[in-house]
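Each chain, written out:
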Amino acid sequence: GRWGLQGSRRADAVTLWAVLRYVGARALGEQVDRSIGLARNFWNMLSSDGMLEPTHAPDLNLLCFRYRGKDENAMRLAHQALGARDSPWVSLSRWREELLFRAVLLSPSTNETHLGGLIETLHRVSS
């Protein structure tokens, strides 16, 4: 824990060590690769969508996106509607002075069907 990821908080190294011991480096690496691939697939889904658009090509398992041509109030209202439903959820983040939806694709159970459902829900709540 002295050098490397999270090196300034030594106890975090114990968490990483425990995950590597329990899951294994290969399985953990496969999960990381899968989540990055899922973010790329989500980018493709959003790129071809008429209402939503990604703001960047993902390098990791995180993707920010927004409504095409809608203001921040529409983003906030849609986000509130997501929280009131039994639906996939994303956070709101501010980047370069713009309010964006932020999806962190970390759960091993998340798949393209969930992401398609999120897109459909965001279409419904914006009308």
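Refer to the structure printed above.
Thresholds, definitions, all that
Residues numbered from 1 in each chain as written. Predicted model: local features only at pLDDT ≥ 70, side-chain atom pairs only at ≥ 80, totals over all residues. Heavy atoms only, no water. Helix = DSSP H or I, 4+ residues; strand = E, 2+ residues; numbered from the N terminus. Buried < 20%, exposed > 50% of the residue type's maximum accessible area, 1.4 Å probe, protein only. Contact = heavy atoms within 4.5 Å. Salt bridge = Lys/Arg side-chain N within 4 Å of Asp/Glu carboxyl O. Pairing = 2+ DSSP bridges. Axes fitted to C-alpha atoms, helices over the stretch in contact; angles between N-to-C directions. Core = buried A, V, L, I, M, F, W, Y, C linked by side-chain atoms within 4.5 Å.

K.L.:
What am I meant to see in the environment of Q31 here?
P.N.:
Relative to the assigned elements, Q31 resides in helix α2 (residues 25–47). The class of Q31 is partly exposed, set by a relative accessible area of 21%. Between the alpha carbons of Q31 and P108 there is a distance of 7.1 Å; along the sequence they are 77 residues apart. When residues no more than four places from it in sequence are discounted, the contact partners of Q31 are L106, S107 and P108.

K.L.:
How should the pattern of salt bridges be read in this particular structure?
P.N.:
When the charged atoms of two side chains with opposite charge come close together, those side chains can pair. This structure, assessed with the given rule, holds five salt bridges. Linking E53 and R66 is a salt bridge whose minimum nitrogen-to-oxygen distance equals 2.8 Å. Of this pair, E53 sits in strand β1 (residues 52–54) while R66 sits in strand β2 (residues 62–67), and the two are 13 residues apart along the sequence. When its relative accessible area of 22% is taken as the criterion, R66 is described as partly exposed. R76 is paired through a salt bridge with E72; the nearest N and O atoms lie 3.2 Å apart. One end of the pair is R76 and the other is E72, both in helix α3 (residues 72–83) and four residues apart, which spans about a single turn.

K.L.:
Which parts of the structure should I look at to understand the sheet that holds strand β4 (residues 98–104)?
P.N.:
Strands in a sheet are paired, the pairing made by backbone hydrogen bonds, and the direction either parallel or antiparallel. The antiparallel open sheet is built from four strands, whose spatial order is β1-β2-β4-β3. Only two strands of the sheet have a single neighbouring strand rather than two, namely β1 and β3 (91–95). For this sheet the average axis-to-axis angle between neighbouring strands, irrespective of direction, equals 45 degrees. With respect to the sheet, α2 is in contact with β1, β2 and β4, its orientation differing from that of β2 by roughly 15 degrees.

K.L.:
Sorry, what's going on with the environment of R40 here?
P.N.:
By the secondary structure assignment, R40 is in helix α2. Looking at R40, the relative accessible area reads 46%, which means it is partly exposed. Setting aside anything within four residues of it in sequence, one finds R40 in contact with P58 and D59.

K.L.:
Would you mind going over the nonpolar core with me for this structure?
P.N.:
Within the largest apolar cluster, 22 residues are counted, with the highest numbers of intra-cluster contacts made by F42, F65, Y67, F101 and L122. Considering every element that reaches this core, the biggest residue donor is helix α4 (residues 112–126), with five residues. Discounting chain neighbours no more than four positions away, the residues touching L122 are M51, L52, F65, Y67, A78, L82 and F101.

K.L.:
Explain unusual backbone geometry to me, please; I cannot follow it from the model alone.
P.N.:
If a residue is not glycine, its phi is most likely negative; likewise, a peptide bond is most likely trans. Phi angles above zero are rare outside glycine, and R96 is one such case at about 50 degrees. Within the element layout of this structure, R96 appears in the loop between β3 and β4. Positive phi, normally seen in glycine, also occurs at E97, with a value near 65 degrees. With respect to the secondary-structure elements, E97 resides in the loop between β3 and β4.

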